[in-house]
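Examination of the molecular architecture
Below, each chain spelled out in residue letters.
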Amino acid sequence: MIEGKKGAGKTTLIDRLISETNRRICGYRTRILKTDAEGYRHVYMYPADKTDSTVPQEVGITRRKVISVNDQVFDDLGVKLLSDVNEDGVIVMDEIGYMETDSEHFCRKVIETFDGNIPVIAAIKVSEKEYRYLQLIKDHPKIYLLRLNEDNREEVYEEARRIMETWEDRGKSR
């Protein structure tokens, strides 16, 4: 689990890590795919595996704060992307945040994903406000939390890479 503020490099680190694995990439990504003339940012969810043809779906709109959330996308597409995984895969969740806190099925699936045995690379946003859901994730017994900032990017990368090597070793013994 990579925790950091906006702009710390969470997504860049995830991209770097998954480019170095032979495991199948599963899970989801969220991105701002458009900003309209009034400055509203439209956030979309899509498969972490860029070869998947699933069309990105809008999960919400922000403008300094969350304006709207489409819980149905989290509960339908998000749950689907976290369910369609291979034993020899790695699950990407980029990013876990506060938009989805009212999406009951999705939040439950995220927790269940961490309960499983398939490796996960996830980003979680640092929030000034306390969210029970985010704290539950950070306190999960299978989470190894890496705190990323602009000054420790290479050290966190090296630590994450060492963790990933144990996944690769386990995959070879099957």
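Above this note sits the structure.
Residues numbered from 1 in each chain as written. Predicted model: local features only at pLDDT ≥ 70, side-chain atom pairs only at ≥ 80, totals over all residues. Heavy atoms only, no water.

Observations regarding the overall build of the chain
- Each helix and strand in the chain was counted, giving 5 helices and 8 strands.
- Counting from the amino terminus, helix and strand elements in the chain follow one another as β-α-β-β-β-β-α-β-α-β-α-β-α.
- A globule of 174 residues ought to have a C-alpha radius of gyration of about 16 Å, and the chain, at 16 Å, matches this closely.
- Its C-alpha atoms put the chain at 50 × 35 × 30 Å along the principal axes. (Helix = DSSP H or I, 4+ residues; strand = E, 2+ residues; numbered from the N terminus. Rg over C-alpha atoms; globule rule 2.2 N^0.38 Å.)

Thoughts on the packing of aromatic side chains
- Applying the stated rule across the entire model yields 3 aromatic pairs.
- Taking 5.4 Å as the distance between ring centres and 15° as the angle between the ring planes, the aromatic pair formed by Tyr 98 and Tyr 131 counts as stacked. Of this pair, Tyr 98 sits in the loop between β6 (89-96) and α3 (104-115) while Tyr 131 sits in the loop between β7 (120-125) and α4 (132-138); the two residues are 33 residues apart in sequence, bridging distant segments of the chain.
- One aromatic cluster is present, formed by Tyr 28, Phe 74 and Phe 106 through successive ring pairs. (Phe/Tyr/Trp six-rings, centres within 6.5 Å; stacked < 30°, edge-to-face > 60°.)

Examining the pairing of strand β4 (residues 57-62)
- Strand direction decides the pairing type here: strand β3 (residues 41-47) and β4, joined by 5 bridges, are antiparallel. Residue Val 43 lies in a different strand from β4, and its bridge partner there is Gly 60.
- Direction of pairing for β4 relative to strand β5 (residues 66-69): antiparallel, over a ladder of 3 bridges. In the strand pairing of β5, Ile 61 is matched with Ser 68. (Pairing = 2+ DSSP bridges.)

Some words on the pattern of salt bridges
- A full pass over the atoms with the stated rule returns 12 salt bridges.
- Salt-bridge contacts for Asp 94 lead to Arg 31; the nearest nitrogen and oxygen are separated by 3.5 Å. In this pair, Asp 94 sits in strand β6 while Arg 31 sits in strand β2 (residues 24-35), placing the two residues 63 residues apart along the sequence.
- When its relative accessible area of 1% is taken as the criterion, Asp 94 is described as buried.
- Glu 95 is the salt-bridge partner of Lys 125, the closest N and O atoms lying 3.3 Å from each other. Placement of Lys 125 in strand β7 and of Glu 95 in strand β6 is noted, with a sequence separation of 30 residues between them. (Salt bridge = Lys/Arg side-chain N within 4 Å of Asp/Glu carboxyl O. Buried < 20%, exposed > 50% of the residue type's maximum accessible area, 1.4 Å probe, protein only.)

Remarks on the environment of Glu 112
- Among the structural elements, Glu 112 can be located in helix α3.
- Glu 112 gets classed as partly exposed once you look at its relative accessible area, which sits at 40%.
- Here the alpha-carbon distance between Glu 112 and Ser 83, two residues 29 residues apart in the chain, equals 9.9 Å.

What about the sheet that holds β3?
- The 8 strands are arranged β5-β4-β3-β2-β6-β7-β1-β8 in an open sheet whose pairing can be described as mixed. Sheet topology places β5 and β8 (146-147) at the edges, where each strand pairs with a single neighbour.
- Sitting on the sheet, helix α1 (residues 10-18) is in contact with β1 (2-4), β2, β6 and β7, with an inclination near 175° to β7.
- Sheet contacts for helix α2 (residues 71-83): β2, β3, β4, β5 and β6; angle to β3, the most-contacted strand, approximately 25°. (Contact = heavy atoms within 4.5 Å. Axes fitted to C-alpha atoms, helices over the stretch in contact; angles between N-to-C directions.)

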